[in-house]
Structure formats: C-alpha cells, structure tokens
Amino acid sequence: MTKELGVGILGCGNISTTYFSLSPLFKGIKVLACADLNIEAAKARAKEYGVKAQTVEQMLANDEIDVIVNLTIPDAHFTVSRAILEAGKHVYSEKPLTVTLNEGKELQALAKSKGLAVGCAPDTFLGGAHQLARDYIDGGGVGRITSGTCHVMSPGMEMWHPNPGFFFLNGGGPILDLGPYYIANLINFLGPVKRVAALTSMASPTRTITSEPLKGTVIPVETPTNIQALLEFAEGATITLSASWDVWSHRHANMELYGTEGSLYVPDPNFFGGVVEASGRDKDIKPLKDWDHPFGKANQEHPQGPRANYRTAGLADMAMALIEGRDIRCSIDRALHGVDVMTSILKSGAEGRFIATTTTCTKPAALGIEEALALLA
C-alpha cells in the first residue's frame with residue numbers, strides 16, 4: 001500500500017511558502033515540484049525549497065505527482081482544479097473551493113466520476129484550540145448550543161498586502177476570503193446550515209493602496225465589504241456572523257457560542273491555537289483546562305508572540321485518508337457546503353430575503369490528540 005503521496009504546488013505566491021515550510025512536519029505527503037504561470041517564480045521557489053520547477057502542463061503530466069495543491073487566486077480555483085482532475089490527479093485547494101455553487105457542484109461530480117478526491121482549506125479547525133472546544137461541546141459542557149456570535153472585522157487588506165486588488169473583486173470580499181475559517185469551524189461544531197439571511201454593503205466603490213510597491217494605486221471594489229448575516233443550523237442553533245473590511249477598530253470577540261448550560265468562548269478560527277474559555281450557569285468564565293494537543297503548540301514566532309501554525313494538516317489528513325480508506329476531514333462535501341453558505345449570504349444581501357441552502361454535509365470526525373499525532377512525521 002502507498003505510504004506517501006507525491007505533491008505538486010501550483011501557484012508560487014505568498015501562501016506557497018507556508019505549504020513548502022510546513023509540509024515536512026507531516027507524514028503521507030512529499031512535495032516534489034512546483035509550477036506557476038510565471039516560470040521564474042516557480043524556479044525561485046524550487047531553488048529555495050529544493051524541489052523541481054515545472055510548467056503547469058509539465059506538472060499535470062508528471063506521473064510522480066498524486067495530488068496538486070491549487071494556490072491560484074480564488075477566481076481561478078474552479079478552472080485550475082478542473083484541469084487537475086481531468087489530468088487524473090487529486091486536488092487540494094486553498095479556500096474558497098470555488099466562487100460559485102454551480103462550479104463547486106461541477107467539481108464534485110467530476111471528481112466522483114473519476115474516482116478522485118478533492119480537499120479544501122481551511123484546516124485551522126483542526127487546531128488544538130478548536131478541537132478542545134469541539135471536545136467540550138461533544139461532552140455536553142455547555143449543553144445544547146442555541147445561539148452564538150462571530151465577528152471578523154478590520155479596515156481591509158490594502159494597507160499591508162503587496163497586491164491587494166483581487167481581494168475586492170469577484171471571489172474576494174470578507175465573506176469569501178475570511179468567512180471560510182468561521183464557517184468551517186461552525187460546521188465542525190454544529191454541522192450544516194439550513195438557511196441564511198444577510199444585509200450587505202460597501203463603504204466605498206474604490207480603495208487606495210497604502211502598502212508597497214503599489215502605494216497610491218486606486219483599485220475598484222466590486223463585492224460587498226460589509227456583511228451582517230444570520231445563519232440557522234439544521235440542529236437549530238442561530239448564529240450571527242459579522243464580516244467587514246469597513247471597521248477601524250472594535251471590541252467584539254471572534255466567536256462565542258451560547259448553550260442551555262453555559263457559554264463557550266472560541267479563539268480566532270484563522271489560527272490553530274489560543275485560549276478557550278467557558279462558563280456554566282454560574283456565569284463564571286474560566287479557561288478550559290489545556291490539553292497536550294500537538295496542533296495547539298506554538299511553533300512559530302510572530303510580532304504578537306509565539307503562535308501555533310500547522311497549515312498543511314488538512315492536506316496531510318487528506319493524504320492519510322486516501323491511504324487508509326477513511327473520510328477526509330477537509331472534504332469537498334464540507335467545502336462545497338461552505339461555498340453554498342457564503343454565496344447564499346451574498347445572494348440574500350443582494351435580494352433581501354432568506355436563502356435556503358441546497359447542499360448539506362456531516363460534521364468532520366473530531367481530531368483528538370492521538371489522531372493528530374498520527375498525522376505527524
């Protein structure tokens with residue numbers, strides 16, 4: 001039986017360094033090559049990480065590669081993932097899976113017809129903090145969750161990203177860019193969403209880049225940058241989700257879940273670690289007793305302090321699921337449902353009505369300490 005899948009990385013921009021640098025932490029995967037429409041970018045990454053630089057066509061034809069990681073811009077995810085599947089290879093895509101629901105359904109059908117797998121980021125819900133929260137929920141720590149709030153808000157991307165234009169075009173915006181982290185975590189905790197409603201707007205039809213090297217460039221805004229959404233889950237919980245790039249500062253917590261027996265305070269779903277807090281009916285909020293989860297341990301230095309970063313865990317879980325014949329935690333079914341939820345939110349904002357989702361999924365299997373250790377090299 002195969003012990004390891006050969007991996008190709010398609011798209012050599014900023015995010016590619018994460019996959020290159022963190023993939024050696026995991027078993028079941030080995031990065032062999034990288035490709036980019038700009039072959040010089042591929043050559044630079046290949047030299048930096050000791051892999052082979054290829055054209056896109058060469059990678060698609062490379063028999064050593066079993067799965068290709070799609071790191072192109074969101075609007076290209078569908079076209080690139082479809083080409084990978086048509087070449088007979090598994091796909092692991094950065095989020096979002098696609099920017100429309102129909103595209104996602106087409107990928108799902110194509111993968112099924114070819115007997116191939118599609119996985120999709122985010123995988124941060126596999127982090128130690130979020131799996132601790134999942135364990136607490138599954139153990140009845142807060143009773144049945146009835147409601148909650150999520151907030152992901154900032155002034156936007158044009159102040160720090162070197163080329164932020166695509167964030168404000170089709171496939172961008174705070175819902176499709178940052179929403180996947182929150183929605184994937186909510187699916188991890190609560191399962192599928194039944195229907196949504198939203199109000200959407202944008203503060204300005206243009207943005208001025210203040211980061212280098214494009215400082216002063218005016219870019220168009222073609223997607224809502226301020227979204228206030230309400231999600232009704234099949235299990236009955238109702239969650240508010242505020243996602244905005246029109247907020248200079250705020251004091252809202254990232255995620256709070258309210259149950260019949262208490263409340264749970266979940267750290268930023270964009271990251272793997274953090275402190276999980278909870279209260280019972282006594283209203284006494286305390287940190288949960290930490291557990292020795294490998295994906296919650298700080299392994300990188302950041303300006304805000306040490307941070308746990310295990311991105312690529314989802315890719316490794318996908319590889320081991322294929323090797324072991326089990327369910328993929330970052331599966332296309334869950335990613336597609338996430339696309340359904342996000343595009344329904346945007347549709348609701350445009351049409352001013354509740355939108356029922358047309359897809360569903362199961363909760364992913366929990367990733368406890370032993371299961372996480374089994375993914376590490």
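Everything discussed here concerns the structure shown above.
Each chain carries its own residue numbering, running from 1 in the written order of its sequence. Reporting in this predicted model follows two pLDDT cut-offs: at least 70 for local features of residues, and 80 or more for side-chain atom pairs to be given and counted; totals over whole chains, interfaces and linings ignore these cut-offs and use all residues. Note that the side-chain values use all heavy atoms of the structure and ignore hydrogens as well as water.

Asks: Honestly, the overall build of the protein in this entry has me stumped. Any pointers?
Replies: A run of H or I in DSSP becomes a helix once it reaches four residues, and a run of E becomes a strand once it reaches two; helices and strands are each numbered from the N terminus. Within the protein, the regular secondary structure consists of ten helices and 17 strands. With respect to the three principal axes, the spread of C-alpha positions in the protein is 60 × 50 × 45 Å. Within the protein, buried positions represent 55% of all 377 residues. Long-range contacts, defined here as pairs at least 24 residues apart, represent 71% of the contacts in the protein between residues at least 6 apart. Using a 1.4 Å probe, accessible areas were evaluated by the Shrake-Rupley method; residue-level cover was limited to the displayed protein chains. If you sum the accessible surface of the protein, you get close to 16,100 Å²; carbon and sulfur atoms cover 53% of it. Side-chain charges of the protein comprise 33 positive and 40 negative groups, with the mean position of each set lying 2 Å from the other. Exposure is judged per residue with a 1.4 Å probe applied to protein chains only, and the accessible area is read against the type maximum: over 50% gives exposed, under 20% gives buried, and values in between give partly exposed. Two residues form a contact once any of their heavy atoms are found within 4.5 Å. For this count, His and the chain ends are skipped, Lys and Arg are scored as positive, and Asp and Glu as negative. To locate a charge, take NZ of a lysine, CZ of an arginine, CG of an aspartate or CD of a glutamate.

Asks: Whenever I open this one, the sheet that holds strand S11 (residues 226-233) confuses me. Can you help?
Replies: The strands making up a sheet associate through backbone hydrogen bonding, with each pair oriented either parallel or antiparallel. Whether two strands pair comes down to DSSP finding at least two bridges between them. One open sheet accounts for nine strands, arranged S16-S15-S14-S13-S7-S12-S11-S8-S17; its pairing is mixed. Edge positions in the sheet fall to strand S16 (286-287) and strand S17 (355-356), since each has one partner strand and no second. The pairing of strand S8 (residues 193-201) with S17 spans two bridges and is antiparallel. Bridge pairing in S17 places arginine 195 opposite alanine 356. Across the sheet, helix H6 (residues 128-138) lies against strand S7 (145-153), strand S13 (255-259), strand S14 (263-266) and strand S15 (277-279), angled at about 165 degrees from S14, the strand it touches most. A fitted line through C-alpha atoms represents every axis, and for helices the fit uses only the stretch in contact; the resulting angles, taken between N-to-C directions, go from 0 to 180 degrees. Where helix H7 (residues 173-190) meets the sheet, its contacts fall on S7, S11, strand S12 (238-244), S13 and S14, and the angle it forms with S12 comes to roughly 155 degrees.

Asks: Looking at this structure, I do not really get unusual backbone geometry. What am I missing?
Replies: When glycine is set aside, most residues are seen to have a negative phi, and most peptide bonds are trans. The amide bond that connects lysine 95 to the next residue, proline 96, takes the cis arrangement and shows omega of -10 degrees. You can see proline 96 is positioned in the loop between strand S5 (90-93) and helix H5 (101-114). Between alanine 121 and the following residue, proline 122, the backbone shows a cis peptide bond with an omega angle of 10 degrees. Within the fold, proline 122 resides in the loop between strand S6 (118-120) and H6. Phi at lysine 283 is positive, roughly 65 degrees, even though this residue is not glycine. Of note, lysine 283 is situated in the loop between S15 and S16. Given a relative accessible area of 69%, lysine 283 falls into the exposed group. Positive phi, close to 105 degrees, is recorded for threonine 312, a residue that is not glycine. Take threonine 312: it is sitting in the loop between S16 and helix H8 (313-324).

Asks: In this structure, what is going on with helix H9 (residues 332-351)? I would like to understand it.
Replies: Every α-helix winds through 3.6 residues per turn, so residues three or four apart in the chain are directed the same way. A helix is expected to reach a length of 1.5 Å times the quantity of its residues less one. For H9, which comprises 20 residues, the first-to-last C-alpha distance of 27 Å matches the rise-based estimate of 28 Å (1.5 Å per residue) to within 8%. Where H9 ends, the next residue or the one after it, glycine 352, has phi of about 70 degrees, a positive value.

Asks: Explain helix H4 (residues 77-86) here, please?
Replies: For H4, the full list of buried residues reads His77, Phe78, Val80, Ser81, Ile84 and Leu85. Against strand S1 (5-10), helix H3 (56-60), strand S4 (67-70), S5, H5 and S6 lie the buried residues of H4. Just past H4, the residue glycine 88 takes up positive phi, approximately 85 degrees.

Asks: Explain the side chain of glutamine 54 here, please?
Replies: Summarising the element assignment, glutamine 54 is placed in strand S3 (residues 52-54). Definition of a polar contact: a pair of N or O atoms within 3.5 Å, with one able to donate and the other able to accept a hydrogen when the atoms are protein atoms, and with sequence-neighbouring residues admitted only if both atoms are side-chain atoms. A polar contact of 3.4 Å, which involves the side chain of glutamine 54, links it to the side chain of asparagine 62. Once you skip the residues sitting within four places of it in the chain, glutamine 54 turns out to touch Ala33, Cys34, Ala35, Asp36, Ile39, Ala42, Met59, Asn62 and Ile65.

Asks: Mind showing me how you'd approach the environment of alanine 133 here?
Replies: For alanine 133, the location among the structural elements is in helix H6. Sequence separation of alanine 133 and leucine 264 is 131 residues, and the distance between their C-alpha atoms is 7.7 Å. If near-sequence neighbours (up to four positions away) are discounted, alanine 133 is found in contact with Phe189, Leu264, Val266 and Val276.

Asks: Looking at this model, I keep getting lost on the packing of H4 against H5. Mind explaining?
Replies: Relative placement of two packed helices is described by the angle separating their axes and the distance separating the axes. It is the contact of H4 with H5, at a shortest axis distance of 10 Å, that shows an interaxial angle of 5 degrees. Relative to H5, H4 is oriented roughly parallel. Listed contacts from H5 to Phe78, Ser81, Arg82, Leu85 and Glu86 of H4 are Glu103, Glu106, Leu107, Leu110, Ala111 and Lys114. Gly is placed with the polar residues, together with every amino acid not listed as nonpolar (Ala, Val, Leu, Ile, Met, Phe, Trp, Tyr, Cys and Pro) or charged (Asp, Glu, Lys and Arg). Classifying every residue of the contact of H4 with H5 by side-chain character gives five nonpolar, one polar and five charged. Here the word oblique covers every angle except those under 35 degrees (roughly parallel), over 145 (roughly antiparallel) and from 65 to 115 (roughly perpendicular).

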